[in-house]
Amino acid sequence: MVVVGFAPNEYLKVKLLILYALSGDLQTAGILFRCLQCRDLIPWNAMISGYVQKGLEQDGLYIYYDMRQNRIVPDQYTFASVFRACSALASLEHGMKAHAVMIKCHIKPNIIVDSALVDMYFKCSSLSDGHKLFDQLSTRNVVTWTSLMSGYGYHGKVSEVLKCFDKMKEEGCRPNPVTFLVVLTACNHGGLVDKGWEHFNSMKRDYGIEPEGQHYAAMVDTLGRSGRLQEAYEFVMKSPCKEHAPVWGSLLGACRIHGNVKLLELAATKFLELDPTNGGNYVVFANGYASCGFLDAASKVRRRMENAGVKKDPGYSQIELQGEVHRFMKDDTSHRFSGKIYKKVHEMTSFFMDANYNPDDLDAIDASCHV
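The structure displayed is predicted, hence computed values, not measured ones.

Student: When you look at the overall build of the chain in this model, what are you seeing that I'm missing?
Tutor: Of regular secondary structure, the chain possesses 20 helices and 2 strands. Out of the 371 residues in the chain, the part that is buried amounts to 43%. In the chain, 55% of the contacts between residues at least 6 apart in sequence involve partners at least 24 apart. Surface exposure of the chain reaches about 20,900 Å², of which carbon and sulfur atoms provide 53%. Taking the average location of the 41 positive side-chain charges in the chain and that of its 41 negative ones, the two points are 4 Å from each other.

Below, the structure written as structure tokens:
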């Protein structure tokens, strides 16, 4: 289009913006957005969705608030993206504000928005509000049920997940592959091996659903965590998903936990062969050697990782305070209050390492924790 000298009109600019935003090229999308003479709801939604999908949830919320300041009335697509952003940030305050705006805008019930809203309350640790909202839904289907079960599973409420699954089936709602993944993950976290097998076998037998790689990985993890490593390995070898990296990743993690070096090496070799650019794989492999006392082997794995130019994305913690999300990484000093934060952490560490501390002295620490 550029080569032939065609000048796009506003409609075509919006279409191009949507293409670039949803493809992850937010810089080009931003240029097109700023070139628009009339910015209605559609380009705003595209920009919000683009940032949220790329994991830049905080920026997505900033664009949402900018849109509101420009007096643009949001729709169901806006709220679906905003609730996903709030879920990822565990930002209950922003989520509740957006929920209030949605009510004022008289948005009609929508399965996608409703499931995103239920998920947001659970991810923000407001379980009672999430379940209350689910009970008020005029329409329930497998998407909303799965959001509810996923929310309970997120907090380790295994029994609640299984109860909801049974109730969903009683109401005549047919589970889908995602539903079964949530159930199998819950069985994994609860150490319910027999229950996991029951649901795994039920997929194809009762519902005609062919288990996929993630389902096999969940079962391998369940068997591995319970110490049944050989059974897990044989299950992998008999499965049609031997070329699915996460299956070997589940076995690798279990071998590290139980210190089975022979299977650890076998699983790691296959895992790195299938997914050589994932830094987390190398770290798990090295940590597995280290936990078994093979420090030289662990060092070799880390050097192999460095030589391959593979890096692991750093982990982080975050907390919301007065509407602002604060993110911290290991040895992070970028926060404007980092000096005070580290000082307070050292004070608390020293305090709790004192075996003769008095619990009543916690009031003194609590009174000074204002950072």
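Student: Mind showing me how you'd approach the confidence of the model for the chain here?
Tutor: Caution applies to low-pLDDT regions: their predicted coordinates should not be interpreted in detail. Summary statistics for the chain give a mean pLDDT of 86 and a share of 94% for residues scoring 70 or more. Overall, residues 367-371 carries pLDDT values under 50, and its contacts beyond four positions in sequence, including any with other chains, amount to 7 contacts.

Student: Any chance you could explain the packing of helix α7 (residues 111-123) against helix α9 (residues 142-154) here in plain terms?
Tutor: Any two packed helices are characterised by how steeply their axes cross, that is the angle between the axes, and by the distance between the axes. For the pair α7 and α9, the least separation of the axes is 9 Å and the interaxial angle reads 10°. When the interaxial angle is binned, α7 and α9 end up roughly parallel. Contact residues: Ile-111, Asp-114, Ser-115, Val-118, Phe-122 and Lys-123 in α7; Val-143, Thr-144, Ser-147, Leu-148, Gly-151, Tyr-152 and Tyr-154 in α9. A class-by-class count of the residues in the contact of α7 with α9 yields 7 nonpolar, 4 polar and 2 charged.

Student: Just checking my understanding: could you explain the pattern of salt bridges for this structure?
Tutor: If the charged atoms of two oppositely charged side chains come close together, the side chains can form a pair. All chains considered together, the criterion is met by 13 salt bridges. One salt bridge connects Lys-344 with Glu-347, and the closest N-O pair in it is separated by 2.8 Å. With a gap of 3 residues between them, Lys-344 and Glu-347 both fall in helix α19 (residues 338-353), about one helical turn apart. By relative accessible area, Lys-344 is classed as buried at 16%. One salt-bridge network, held together by shared partners, links Asp-135, Arg-140 and Glu-171.

Student: Explanation requested: the UniProt feature "repeat: PPR" (unreviewed entry) in the chain in the structure shown.
Tutor: UniProt records the feature "repeat: PPR" (unreviewed entry) at residues 40-74 and 141-175, using the numbering of this structure. Helix makes up 74% of residues 40-74 and strand makes up 0%, while its end C-alpha atoms are separated by 10 Å. Annotated as 74% helix and 0% strand, the span residues 141-175 places its first and last C-alpha atoms 9 Å apart.

Student: What is the right way to look at the packing of aromatic side chains in this model?
Tutor: Given two aromatic rings, one states the distance between the centres and the angle between the planes to describe the pair. This model, assessed by the stated rule, comprises 13 aromatic pairs. Between the aromatic rings of Phe-79 and Phe-83, the centroid separation amounts to 6.0 Å while the plane-to-plane angle is 25°, which identifies the pairing as stacked. With a gap of 4 residues between them, Phe-79 and Phe-83 both fall in helix α5 (residues 76-89), about one helical turn apart. For the pair Phe-79 and Phe-83, one class covers both residues: buried. Each ring, one from Phe-165 and one from Phe-180, has its centre 5.6 Å from the other, and the planes form 65°; the classification is edge-to-face. Of the two residues, Phe-165 sits in helix α10 (residues 158-170) while Phe-180 sits in helix α11 (residues 177-190), which places them 15 residues apart along the sequence. Phe-180 gets classed as buried once you look at its relative accessible area, which sits at 0%. Among the aromatic residues, those joined into a ring-pair cluster are Trp-197, Phe-200, Tyr-216 and Phe-235. A cation over a ring is seen here: Arg-39 above Phe-33, with NZ or CZ 4.8 Å from the ring centre. The ring of Tyr-154 has Lys-123 lying over it, and the distance from NZ or CZ to the ring centre is 5.3 Å.

Student: Hey, could you run me through the nonpolar core in this one?
Tutor: Taken as a class, soluble globular proteins show a tendency for nonpolar side chains to be buried jointly. Tyr-64, Phe-79, Phe-83, Trp-145, Met-149 and Leu-251 are the most contacted members of the largest nonpolar core, which has 101 residues in total. Not counting chain neighbours up to four residues away, the residues in contact with Tyr-64 comprise Ile-48, Thr-78, Phe-79, Val-82, Ala-98 and Val-101.

Student: Would you mind showing me how to read a nonpolar patch on the surface here?
Tutor: A surface patch of nonpolar side chains, about 470 Å² in accessible area, is lined by Met-1, Val-3, Val-4 and Phe-6. With respect to the helices, strands and loops of the structure, Val-4 is situated in the segment before α1 (10-23).

Student: Please explain the state of the cysteines as it appears in this structure.
Tutor: In a disulfide, the sulfur atoms of two cysteines are held together by a covalent bond. The final tally for this structure, using the stated rule, is 0 disulfides. Between Cys-38, a free cysteine, and Cys-35, which holds the nearest cysteine sulfur, the sulfur-to-sulfur gap is 14 Å. Given a relative accessible area of 54%, Cys-38 falls into the exposed group. The thiol sulfur of Cys-173 is not disulfide-bonded, and the nearest other cysteine sulfur, from Cys-164, lies at 12 Å. Cys-173 sits in the buried class, given a relative accessible area of 15%.

Scoring rules and cut-offs
Residues numbered from 1 in each chain as written. Predicted model: local features only at pLDDT ≥ 70, side-chain atom pairs only at ≥ 80, totals over all residues. Heavy atoms only, no water. Helix = DSSP H or I, 4+ residues; strand = E, 2+ residues; numbered from the N terminus. Buried < 20%, exposed > 50% of the residue type's maximum accessible area, 1.4 Å probe, protein only. Contact = heavy atoms within 4.5 Å. Areas by Shrake-Rupley, 256 points an atom, 1.4 Å probe, with all protein chains shown as cover. Lys, Arg positive; Asp, Glu negative; His and termini not counted. Charge placed at Lys NZ, Arg CZ, Asp CG, Glu CD. pLDDT = per-residue confidence, 0-100. Axes fitted to C-alpha atoms, helices over the stretch in contact; angles between N-to-C directions. Parallel < 35°, antiparallel > 145°, perpendicular 65-115°, else oblique. Nonpolar A, V, L, I, M, F, W, Y, C, P; charged D, E, K, R; others polar. Salt bridge = Lys/Arg side-chain N within 4 Å of Asp/Glu carboxyl O. UniProt positions renumbered as here; feature names shortened; annotations may be inferred. Phe/Tyr/Trp six-rings, centres within 6.5 Å; stacked < 30°, edge-to-face > 60°. Lys NZ or Arg CZ within 6 Å of the ring centre and 35° of its normal. Core = buried A, V, L, I, M, F, W, Y, C linked by side-chain atoms within 4.5 Å. Patch = residues over 30% accessible without salt bridge, like charges linked within 9 Å, V, L, I, M, F, W, Y side chains within 5 Å. Disulfide = S-S within 2.5 Å.

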